[in-house]
Amino acid sequence: MSNNLIKGSDEAEFAKPLYVPIKRRSFFMYAGATAGATALLLSGCDDDDSGGSNSNSVSLGSGDVGVLNYAYALEQLEAAFYAQVIATPYTGITTDERTALTAISKHEAIHRDFFKAAITAAAPTQIIPGLTPDFSKINFADRTQVLTAAKTFEDLGVGAYNGAGALIQSGTYLLLAGKIVSVEARHAAYIRDLLTPGSFSGSDVVNAAGLDQALPVATVLAAAQTYIKETINGDNVGK
Amino acid sequence: MNLFNIISELEKVDPEIMDRLTHRRSALNALGDLSKKMALAAAPIAIGSAFNKAMGQQTLADPTAVLNYALLLERLEYSFYTQALAAPTLTATLTGAARTAIQTIQGHELAHVNLLTAVLGSNASPAQSPTFNFGSAFATYQSFLTFAQAFEDTGVRAYKGQAGNIPRTASATLSGTTYNLLTVALQIHSVEARHAAHVRYMRRDATAGAQTTIMPWIVNADSNGAPAAVYGAGNPAATFPAESNISQGGITSLTTMLGATYTADDVSAAFDEGLDNTTVTTIARSVVTF
């Protein structure tokens with residue numbers, strides 16, 4: 001009875017219009033978050049102090065396209081971060097670390113480019129633009145700072161995908177998210193082990209029931225917003 | 001999901017469903033029995049299970065079957081690490097940080113077993129864990145880590161392969177906490193991926209795993225000494241391709257069609273692949289007796 005989630009031609013599923021009515025459950029789930037996100041949106045209207053930067057508001061949209069844009073936004077952030085890590089390696093980086101971080105930077109770039117292509121194919125008018133990262137708070141010469149930021153991004157990515165899974169209508173997209181989230185978890189474990197050996201699944205991310213984080217959209221965006229110049233509005237993601 | 005939808009769905013595949021459901025008294029009796037142990041929120045599972053019994057089906061098309069399948073894998077993993085930590089052949093080598101890490105992983109597997117057992121209640125099948133015989137897995141530290149990698153990577157693929165079989169609204173309530181079952185499966189799935197990455201990292205140490213080039217992620221379908229089937233295609237291969245897959249979401253080649261050129265190593269590693277339950281069970285039975 002639930003097989004329809006994975007059945008059906010991938011292409012047909014992909015090309016389907018992605019209109020999704022608001023579900024009562026998700027409405028209640030996010031009703032509380034709306035007020036805060038609205039405030040975020042409004043704050044985007046405030047005058048901007050950083051000279052020359054274009055601090056627009058970007059809406060991720062609704063339904064499955066909203067979830068895809070949400071993932072695309074996070075992957076853009078991660079890809080930009082690791083590109084910087086590789087361009088300006090931290091002091092004392094080992095050959096092993098450089099190899100692994102280069103691979104991670106490729107994975108994130110592939111995720112970013114994949115979402116761009118997939119959303120362009122499925123909903124060309126609804127794809128969000130390229131975002132402007134802001135890594136001014138990270139000293140890329142400092143190993144601990146870089147790896148701590150990397151840990152934040154990876155754990156956040158895992159929590160974001162885990163939290164978004166139940167918002168996804170399409171079985172095709174759900175499986176794709178699953179294919180990516182476990183790679184993010186592998187990254188997270190590796191980065192955490194670099195920072196603190198043995199912390200690959202520490203109790204700060206895996207609870208007593210053995211469950212990883214599953215974060216609401218609003219929580220993830222609030223954390224990610226620090227590193228993105230545009231103001232991201234995810235009010236309707238998955239609705 | 002509601003009852004009428006289920007019946008109309010069943011009628012599509014089985015026009016005689018209403019005749020069969022003259023036996024629905026027994027199906028609903030089973031349901032009533034279950035509802036004593038499971039909260040109302042878990043009704044979708046109970047209903048699916050009751051109808052499965054009425055239909056005599058043995059598939060993973062309902063959450064109960066998926067959860068029992070997950071329970072088997074978690075019991076296998078928990079038993080594996082428990083036996084490893086007690087194995088006299090590993091006392092000299094599985095020490096220090098390595099032992100601590102394995103204890104951490106073992107603790108998570110036990111937590112998964114306990115959570116799944118609690119969610120399933122009287123639907124847990126079999127009620128007691130089977131006895132697992134891992135053969136020569138614990139003969140050396142290297143062989144132990146090779147098995148651990150195989151189990152963790154297979155576990156990641158197994159959960160991923162079932163994501164579409166859990167309705168996104170299915171839930172269960174335990175001790176006042178309501179769990180969305182799909183979310184729970186995803187939360188376990190990423191923990192297994194963290195374990196897999198760490199075990200692979202342990203093998204990277206030449207003296208520990210003799211795999212100096214292994215990465216925390218899966219490059220192509222490289223098995224690094226584990227059974228090749230762990231990284232191969234499932235059934236159907238179109239849904240469950242090998243880990244070397246470079247085609248995703250209708251884009252036939254991510255190495256050349258994304259506007260930049262990427263290597264097959266990087267593309268294959270950027271996506272983990274799911275695996276069907278039959279292939280997973282076959283892999284498990286190829287190395288474990290239970």
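This section reports on the structure supplied with the text. Quick caveat, the model's predicted, so the values are computed rather than measured.

1. Side note on the overall build of chain A
Thought 1: Check the secondary structure of chain A and you find 7 helices and 2 strands.
Thought 2: Walking chain A from its N terminus toward its C terminus, one meets helices and strands in the order α-α-β-α-α-α-α-α-β.
Thought 3: Look at the contacts in chain A between residues 6 or more apart in sequence, and 80% of them connect residues 24 or more apart.
Thought 4: As displayed, chain A has an accessible area near 9,600 Å², and 56% of this comes from carbon and sulfur atoms.

2. Here's the deal with the pattern of salt bridges
Thought 1: Summed over all chains, the structure comprises 12 salt bridges over all chains.
Thought 2: The partner of Glu97(A) in a salt bridge is Arg143(A), with the nearest N and O atoms 2.9 Å apart. Taken together, the residues Glu97(A) in helix α4 (residues 95–122) and Arg143(A) in helix α5 (residues 143–164) connect sequence positions 46 residues apart.
Thought 3: Given the relative accessible area of 7%, Glu97(A) is considered buried.
Thought 4: Classification of Arg143(A) as partly exposed rests on a relative accessible area of 27%.
Thought 5: A salt bridge links Asp155(A) to Arg194(B); the nearest nitrogen and oxygen atoms lie 2.8 Å apart. Residue Asp155(A) is located in helix α5, and its partner Arg194(B) is located in helix α8 (residues 181–204); the two belong to separate chains.
Thought 6: Judged by relative accessible area, which is 7%, Asp155(A) ranks as buried.
Thought 7: Given the relative accessible area of 0%, Arg194(B) is considered buried.
Thought 8: Beyond isolated ion pairs, a larger network of salt bridges with shared partners links Asp155(A), Arg192(A), Asp204(A), Asp212(A) and Arg194(B).

3. Examining the nonpolar core
Thought 1: The biggest cluster of nonpolar side chains holds 113 residues, and the ones touching the most others in it are Tyr70(A), Phe81(A), Phe115(A) and Trp217(B).
Thought 2: Leaving out residues up to four positions away in the same chain, Phe81(A) has contacts with Phe135(A), Ile138(A), Phe140(A), Val146(A), Ala149(A), Ala150(A) and Phe153(A).
Thought 3: In this structure, Ala189(A), Phe132(B), Phe138(B) and Ala148(B) belong to the second largest nonpolar core, which totals 30 residues.

4. Structural notes on the interface of chain A and chain B
Often, the extent of an interface is quoted as the loss of accessible area upon association of its parts.
Thought 1: Between chain A and chain B, the contact holds 63 residues from the first and 62 residues from the second.
Thought 2: Linking chain A to chain B there are 6 salt bridges.
Thought 3: Put simply, Arg194(B) and Asp212(A) hold a salt bridge, and the shortest N to O gap is 2.7 Å.
Thought 4: The interface formed by chain A and chain B contains 22 residue pairs in polar contact (both at pLDDT 80 or more).

5. Some words on the environment of Val237(A)
Thought 1: One can find Val237(A) in the segment after β2 (231–233).
Thought 2: Discounting chain neighbours no more than four positions away, the residues touching Val237(A) are Leu60(A), Gly61(A), Gly63(A), Gly66(A), Val67(A), Tyr70(A), Leu167(A) and Val217(A).

6. Here's the deal with the environment of Phe80(B)
All names here are of chain B.
Thought 1: As for its placement among the helices and strands, Phe-80 is situated in helix α5 (residues 63–86).
Thought 2: On the accessibility criterion, Phe-80 (0% relative accessible area) is buried.
Thought 3: It is 8.2 Å that separates the C-alpha atoms of Phe-80 and Ala-148, two residues lying 68 residues apart in sequence.
Thought 4: When neighbours within four sequence positions are excluded, Phe-80 is seen to be in contact with Phe-134, Ala-137, Phe-138, Phe-144, Phe-147, Ala-148 and Phe-151.

What counts, and where the lines are drawn
- Residues numbered from 1 in each chain as written.
- Chains lettered and ligands numbered in written order.
- Predicted model: local features only at pLDDT ≥ 70, side-chain atom pairs only at ≥ 80, totals over all residues.
- Heavy atoms only, no water.
- Helix = DSSP H or I, 4+ residues; strand = E, 2+ residues; numbered from the N terminus.
- Contact = heavy atoms within 4.5 Å.
- Areas by Shrake-Rupley, 256 points an atom, 1.4 Å probe, with all protein chains shown as cover.
- Salt bridge = Lys/Arg side-chain N within 4 Å of Asp/Glu carboxyl O.
- Buried < 20%, exposed > 50% of the residue type's maximum accessible area, 1.4 Å probe, protein only.
- Core = buried A, V, L, I, M, F, W, Y, C linked by side-chain atoms within 4.5 Å.
- Polar contact = N/O pair within 3.5 Å; in protein donor to acceptor, adjacent residues only side chain to side chain.

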